[in-house]
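A look at the structure
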Amino acid sequence: MKFFLDTAVVDEIREWNATGLLDGVTTNPSLILKSGRDVKEVLAEICDIVEGPVSGEVVATDYDTMLKEGRELAKIAKNICIKLPITMDGVRACKTLVDEGFKTNMTLCFSANQALLVAKAGATYVSPFIGRLDDMAIDGMELIEEIRAIYDNYMFETEILAASIRTVNHVKDCAIAGADVATLPPSTIEKLVKHPLTDKGLEDFLADWAKTGQSI
Ligand code: G3P
């Protein structure tokens, strides 16, 4: 499973990119606001740091302007992935942009039918929002499972990019359900490595090692 970082904060991206574990980055208008940066400037900087796809989102809601914004974002760097909302105009714009050779990430996916539609439009990624479904007492993971089954039935190449991930269990369950990518906030990715028994075990090993008086 690929890991993308869900942030527009350049320092966080630099830090996680240095681990060699980062396969891409996703941003959205809220994350751009949070970063306090100019959208084109920050996307260019992120694309310089990360080799993999970097999602930048259009903010227009009509087909023509979505295309214009998408092409404009794609000029920033070769690894820009154009993020579009799943509306009729968004799906149509996705098809056109894919036909022009651009990568697309179809966002705000909350149903399997939406995912089916964007796969037919040739989207590179579909982004089901797990946490926001869980917030409404609807099982977000069930959506990942449904999309996986549909995409496998028809051998769609669109990748399932699980988004709105809030917990480490979301990450594990996405991996079990066969999501291709999980986009994680830095706080969640950090928690994946943590286990109290690892810390305790290491502490004990190091204490015993000190008693041997040896060095490597
Ligand atoms: O990638 C989408 C993600 O940023 C949304 O997360 O926590 O705002 O639902 P959240």
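Notes on the structure follow. Computed from a prediction, not measured in an experiment: that's the story for all the values here.

Counting 59 residues, the largest nonpolar core has L84 and V126 as the members making the most contacts within it. When residues no more than four places from it in sequence are discounted, the contact partners of L84 are V58, M66, G90, A93, C94, L97, T104, N105, M106 and T107. Core analysis: the second largest hydrophobic core is formed by 5 residues, F4, C81, L161 and V181 among them.

Moving on: the site of the ligand. Taken together, D6, N28, F129, R132, A163, S164, R166 and T183 make up all the residues around the ligand. At 2.5 Å, a side-chain N or O of D6 approaches an oxygen atom of the ligand. Within the side chain of S164, one N or O atom sits 2.7 Å away from an oxygen atom of the ligand. In the complex, 80% of the free accessible area of the ligand, which totals 310 Å², lies under the protein chains. When grouped by side-chain class, the residues that make up the shell around the ligand number 2 nonpolar, 3 polar and 3 charged.

By the secondary structure assignment, R14 is in helix α1 (residues 10–17). In the structure, R14 is positioned 36 residues away from V50 in sequence and 8.1 Å away in space, judged by C-alpha atoms. In this structure, R14 is in contact with E45 and I49, ignoring residues within four places of it in sequence.

Right, let's get into helix α6 (residues 112–120). Those residues of α6 lying buried are A112, A115, V118 and A119. Projected down its long axis, α6 shows its buried positions confined to an angular sector of 125 degrees, all on one face. Opposite its buried face, α6 presents the exposed residues N113 and K120, each directed more than 90 degrees away. Contacts made by the buried residues of α6 are with α5 (88–99), β5 (103–109), β6 (125–128) and α8 (140–154). Looking at the residues trailing α6, positive phi occurs at G122, about 85 degrees.

Cut-offs used in this document
Residues numbered from 1 in each chain as written. Predicted model: local features only at pLDDT ≥ 70, side-chain atom pairs only at ≥ 80, totals over all residues. Heavy atoms only, no water. Core = buried A, V, L, I, M, F, W, Y, C linked by side-chain atoms within 4.5 Å. Buried < 20%, exposed > 50% of the residue type's maximum accessible area, 1.4 Å probe, protein only. Contact = heavy atoms within 4.5 Å. Near = heavy atom within 4 Å. Polar contact = N/O pair within 3.5 Å; in protein donor to acceptor, adjacent residues only side chain to side chain. Areas by Shrake-Rupley, 256 points an atom, 1.4 Å probe, with all protein chains shown as cover. Nonpolar A, V, L, I, M, F, W, Y, C, P; charged D, E, K, R; others polar. Helix = DSSP H or I, 4+ residues; strand = E, 2+ residues; numbered from the N terminus. Arc of directions from axis to C-beta.

Treat this as a map of the structure, not an account of what it does.
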